[in-house]
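Residue-level structural notes
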Amino acid sequence: MMTAAQLDFQVRPNLQRTLQYRPHIKMVYHMLRICAIVWAFPPYSYVAYRVVGGDTHNAITLLAMGSFFPALFLLQAYFLIRPMVYTRVHLRPDGMTLESLGSSKEISFEKVKKIEFSHISYLGGWFTLTLNGREKYKISMMLERSEYILESLAHLNPKLISAEKFMSYRENAIVNDQGWSRTYDMFSQWKRIVSFYLTITLIMAAPIYAFDPMRSENPIQLFWTMLLINICVGFCKWQLNQGLQAMRVKKEMRINPLHTRRDLAYEKKSNIWFFKAHLAILGIITISLI
C-alpha cells in the first residue's frame with residue numbers, strides 16, 4: 001500500500017486554519033425548525049378543538065400521530081444539524097481544537113491511530129479519526145477544506161494514511177468545495193435569475209397564446225406551465241454544467257495535484273455556452289407548441 005510519504009505533491013507542514021461548516025447548513029437547520037412548526041400547526045389546532053369539545057381520548061391519539069413528523073424534524077435539526085452549525089475547527093500542525101456549543105475538545109494528531117474513509121465521488125462523505133482510547137471523531141466533507149486536517153496528519157505521520165485514499169478524498173472534497181462555491185455565487189444573483197425566468201417565460205407564452213385562434217388556453221395557466229418547463233430546463237442545464245465542471249476539475253487535479261483554485265475564466269465560458277443552449281431549447285419548445 002502506498003502511504004502519504006509517496007504522494008505526488010508535498011503536503012503543507014504548518015497548516016493553521018479555522019474551519020467551519022458551509023453556510024447552507026445553517027439554512028437547513030432553520031428550515032427544519034420551520035417545517036416542524038408548519039407541520040404541527042394543523043393537527044395541534046384540531047387537537048385543541050377536540051379538547052375544547054370534551055373529546056380528550058381521541059385528542060391524545062391525534063396528538064401522538066400529529067407529533068411524529070414535527071418530532072422527526074426537530075430531532076434532525078437539534079441533534080444532527082445544530083452541532084455542525086455551531087462547530088469551529090481550529091487546526092494546528094500537531095492537532096486541532098473542536099469548538100461546539102460552548103464546549104471544546106483538544107485532539108492531538110499523535111494519538112490518532114486509524115483513519116477510515118467513507119465518501120462517494122461528486123456527492124460527499126466523511127472520514128473518521130480513531131484515537132488511542134478508541135475515541136472516534138467523524139469529520140464530514142461539509143466542513144470546508146476538511147482535507148487540510150488530512151494534510152496535517154499526513155505530514156506528522158505519513159504511514160498513517162494510504163496515498164490512494166487520501167488523494168481520492170482530497171479530490172472529492174475540493175470538487176465539492178468548488179461546486180458549493182459556484183452554487184453560492186449563483187444564488188447571490190437571485191434577483192437576476194428570477195427576472196430572467198419570468199421574462200423568458202412571458203416571451204415563450206405570448207406567441208403560443210397569440211397564435212391560438214380559439215384562445216383555448218387560459219393565459220395564467222399557460223404562463224405557469226411554461227414557467228415550470230423553463231425551470232425544469234434550467235435545473236437540468238445547471239446540473240449538467242456542474243457535473244461537467246466537476247469532472248474537469250478532477251481530471252486537472254490528477255495531472256497537477258496543486259491545481260485547487262477555481263478556473264473562473266473557464267466557468268464563465270461554460271456558463272455562457274449553457275445559457276445559449278438553454279435559450280435554444282426553450283425556442284424549440286415554443287415553436288413546437290405554436
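Residues numbered from 1 in each chain as written. Predicted model: local features only at pLDDT ≥ 70, side-chain atom pairs only at ≥ 80, totals over all residues. Heavy atoms only, no water.

A few points about the layout of surface pockets
- Each pocket or cavity is described by its volume, and for the largest pocket that value is around 1400 Å³.
- Lining the largest pocket are 39 residues, with Arg182, Met186, Ile193, Lys237 and Trp238 positioned closest to its centre.
- Going through the elements one at a time, helix H5 (163-187), helix H6 (190-210), helix H7 (219-255) and helix H8 (264-289) are the ones with two or more residues in the lining of the largest pocket.
- Broken down by element, the residue count for the lining of the largest pocket peaks at eleven residues, all from H7. (1 Å grid on protein atoms, 1.4 Å probe; cavity = no way out; pocket = protein on both sides within 12 Å on 5 of 7 lines; lining within 4 Å. Points joined across faces, edges and corners; volume = space filled by probe spheres on them. Helix = DSSP H or I, 4+ residues; strand = E, 2+ residues; numbered from the N terminus.)

A look at the confidence of the model for the chain
- Across the chain, the average pLDDT comes to 85, with 93% of residues at or above 70.
- No element of the chain has a lower mean pLDDT than helix H2 (residues 56-66), which averages 72, and none a higher one than H8, which averages 92. (pLDDT = per-residue confidence, 0-100.)

So, helix H4 (residues 147-156)
- The buried fraction of H4 amounts to eight of the ten residues, a majority that puts the element mostly inside the structure.
- Taken residue by residue, H4 has Glu147, Tyr148, Ile149, Leu150, Glu151, Ser152, Leu153 and Ala154 as its buried positions. (Buried < 20%, exposed > 50% of the residue type's maximum accessible area, 1.4 Å probe, protein only.)

So, a nonpolar patch on the surface
- On the surface, a nonpolar cluster with roughly 410 Å² of combined accessible area is contributed by Met27, Met31, Ile34 and Val38.
- With respect to the helices and strands, Met31 occurs in helix H1 (residues 24-52). (Patch = residues over 30% accessible without salt bridge, like charges linked within 9 Å, V, L, I, M, F, W, Y side chains within 5 Å. Areas by Shrake-Rupley, 256 points an atom, 1.4 Å probe, with all protein chains shown as cover. Salt bridge = Lys/Arg side-chain N within 4 Å of Asp/Glu carboxyl O.)

Considering the sheet that holds strand S3 (residues 95-100)
- The four strands lie next to each other as S1-S2-S3-S4, forming an open sheet whose pairing is antiparallel. Each of the sheet's edge strands pairs with one partner strand only, and the pair in question is strand S1 (17-20) and strand S4 (103-108). Between one strand and the next, the sheet's axes are offset by a mean angle of 20°, whatever the strand orientation.
- Helix-sheet contacts for H4 involve S1, strand S2 (87-92) and S3, and the interaxial angle to S2 is about 30°. (Pairing = 2+ DSSP bridges. Axes fitted to C-alpha atoms, helices over the stretch in contact; angles between N-to-C directions. Contact = heavy atoms within 4.5 Å.)

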